[in-house]
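Okay, here's what each chain looks like letter by letter:
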Amino acid sequence: MKPPSSRFFIFRSSLPVLGVFLFFFLIYALCAQRGLSWQDSGEFQLRAFTADYTWTQGIALAHPLYIALTRGFMWLLPRSSAAYAVTLASGFSMSVALVLLFALIRRLANGRGAPALLATVALGFCHMPWWMSCMAEVYTLSLMFLLGELYALSRARESSRWLLLAFFLNGLHLAVHDFALLDLAVLGIYLLWQTIRERRPALFFLCAAAWTIGAIPILVPVANVCRTDGLLAALKSLLFGSYQGFVTGSTGMRVQLAIANFALAAVSFANPVWLLAFKGKSQEDGSNDPVFLDAPFRNALLALTALHFLFWVRYFVGDQATFLLPTLGLLAVWTGIGAARLAKSRAYFIQLAALSVLFAIFVPFVLSKALALNNFGITRIRTLPFRNEFAYWLLPWKTGEDSCERFIRSAARQLDAGDLLFADATPSSPLFAARASGRFPTGVRIISPYEPLSREKTLEEMAKASRIYVVSPKPGYAVAEEILLGGEYRFVKEGVLYRVIKK
């Protein structure tokens, strides 16, 4: 009998990979938010609608490759589904990231698919990755590149081409998020070791060239800023954007906000499967370790894990919990490695995967219901119209989450041409996105943090307005606080907005 061809074996080995992608992409597509979003997600939708590849807060927040991907999904779907198309790009990116995780663990586990499947399920249904996959966010695409770099690095001992690929992917990664710079530090040390070990100085220049080619989408705006404002300004814009104080840690920590972010991040760790990440070698001397984990790759993996965790734990921004994704992705790699060291049957790993899914679904669900019954003293300075705060942050599935859409529709009915609206960063992006898609009155003047005005100019705009409204007359959320909250005005709730009336 004629033996099966190599093509058959390639096809057979590709089936689980394809299955992972299709399964999770279907899950994320079904769970994704359908309409416009609050906060950064609304900002990304606005930028996709208007093809804005630069934005206003520096190169570090430009994310040009992510915007290009969202524009591609908008091209694929009908115009009426533009907001959903931008969100769908997040689920697609996460699905590819899970494919790369599965392939990496299966390779490290010498072809065993069950440990790889367990790690993939644990990460795919983990709270924050699942949440990010159902909203318009950049972090899942960043995680995709991180896991791609790791997979290429795991094969760098086979051929230098894999190391070139790792640097090329890292260059592309920088056009998505500055997380790539943390990865680049580790890749650079690995390259230096490889260059010295093999006595191949040409390898260094080849990798530098591969990285430069990949980074072209971000190096172009760097060159533009360098030409107009100088090299130092360009580097500061690339490294920090408008967040230099937060990146360097000079802004300090707001304790209550940090506690809230750590509490939200803790939901992602509420899964016993993660304990496998700390599973030691099968033998005390490691001689019978069933995991193919050479020392250079292990050290690189350790360094990446430490760097990303330390960056996240001291990056005290308002959305600190969302920066957890790289740490969770690396934790999933360690979990897969730990699972591969267990001499267990395939049925055992399937049971663990099912247990992981149960925890991922019921922990946030039960927490959201418990906090809805008793908030245990947790309060917010302001609430947004139609938004259930606990469900919004705790439930990763966003199919029925339409609070922003309802707010936009209500505000559009309430406002007329000649009105003035003060909107903070959370609602202003979806308001501008709705205007860009023809769903909000163009005659309404919106003043937001994205276009700060002088006191004189603000008073001039207020004098010209027929009526003046603000979304939230609360400290920290009212644009032009020195004017609105200075004691000269009172606020009357009208519909979803507050009418600003001079005393």
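Residues numbered from 1 in each chain as written. Predicted model: local features only at pLDDT ≥ 70, side-chain atom pairs only at ≥ 80, totals over all residues. Heavy atoms only, no water.

Some thoughts on the overall build of the protein
And then number 1: Along the backbone of the protein there are 22 helices and five strands.
And then number 2: A principal-axis box enclosing the C-alpha atoms of the protein has dimensions of 85 × 55 × 45 Å.
And then number 3: Each of the 503 residues in the protein was classed as buried or not, and the buried ones make up 51%.
And then number 4: Counting 47 positive and 30 negative side-chain charges, the protein places the centres of these two groups 8 Å from one another. (Helix = DSSP H or I, 4+ residues; strand = E, 2+ residues; numbered from the N terminus. Buried < 20%, exposed > 50% of the residue type's maximum accessible area, 1.4 Å probe, protein only. Lys, Arg positive; Asp, Glu negative; His and termini not counted. Charge placed at Lys NZ, Arg CZ, Asp CG, Glu CD.)

Looking at helix H14 (residues 255-269)
And then number 1: Given a rise of 1.5 Å per residue, 15 residues ought to cover 21 Å, and the 21 Å separating the end C-alpha atoms of H14 matches this to within 8%.
And then number 2: Turning to H14, its buried residues are Ala258, Asn261, Leu264, Ala265, Val267 and Ser268.
And then number 3: Contacts made by the buried residues of H14 are with helix H6 (127-133), helix H15 (295-313), helix H16 (325-340), helix H17 (346-373) and helix H18 (389-394). (Expected span 1.5 Å × (residues − 1). Contact = heavy atoms within 4.5 Å.)

Notes on the sheet that holds strand E5 (residues 497-502)
And then number 1: Ordered in space as E2-E1-E3-E5-E4, the five strands form an open sheet in which the pairing is mixed. The open sheet has two edge strands, strand E2 (445-447) and strand E4 (489-494), and neither has a second partner. Ignoring which end each strand starts from, the neighbouring axes of this sheet average 30 degrees apart.
And then number 2: Of the pairings in the sheet, the one linking strand E1 (residues 420-422) to strand E3 (residues 468-470) comprises three bridges and is parallel in character. The partner of Leu420 across the bridge, within E3, is Ile468. (Pairing = 2+ DSSP bridges. Axes fitted to C-alpha atoms, helices over the stretch in contact; angles between N-to-C directions.)

Let's talk about the pattern of salt bridges
And then number 1: Summed over all chains, the structure comprises 17 salt bridges.
And then number 2: We note a salt bridge from Arg197 to Glu198, for which the minimum N-O separation is 3.7 Å.
And then number 3: For Arg197, a relative accessible area of 45% translates into the label partly exposed.
And then number 4: On the basis of relative accessibility, which here comes to 28%, the residue Glu198 falls in the partly exposed class.
And then number 5: When salt bridges with common partners are traced through the structure, they connect Arg445, Glu451, Lys457, Glu460, Glu461 and Lys464 into a single cluster. (Salt bridge = Lys/Arg side-chain N within 4 Å of Asp/Glu carboxyl O.)

Brief notes about the packing of aromatic side chains
And then number 1: Counted by the stated rule, this structure contains 28 aromatic pairs.
And then number 2: The interplanar angle of 65 degrees and the centroid separation of 6.2 Å between the aromatic rings of Phe23 and Phe125 together place this pair among those described as edge-to-face. Of this pair, Phe23 sits in helix H1 (residues 6-31) while Phe125 sits in the loop between helix H5 (113-124) and H6, and the two are 102 residues apart along the sequence.
And then number 3: Relative to Phe92, the ring of Phe25 lies with its centre 6.1 Å away and its plane at 80 degrees, an arrangement referred to as edge-to-face. Note that Phe25 is positioned in helix H1 and Phe92 in helix H4 (residues 82-108), a separation of 67 residues in sequence.
And then number 4: For Phe92, a relative accessible area of 26% translates into the label partly exposed.
And then number 5: Three or more aromatic residues joined by ring pairs form one cluster here, namely Phe23, Phe24, Tyr28, Phe125, Trp130 and Trp397.
And then number 6: Just above the ring of Tyr392 sits the side chain of Arg387; from NZ or CZ to the centre is 4.0 Å. (Phe/Tyr/Trp six-rings, centres within 6.5 Å; stacked < 30°, edge-to-face > 60°. Lys NZ or Arg CZ within 6 Å of the ring centre and 35° of its normal.)

As far as function goes, none of this settles anything; it's purely spatial.
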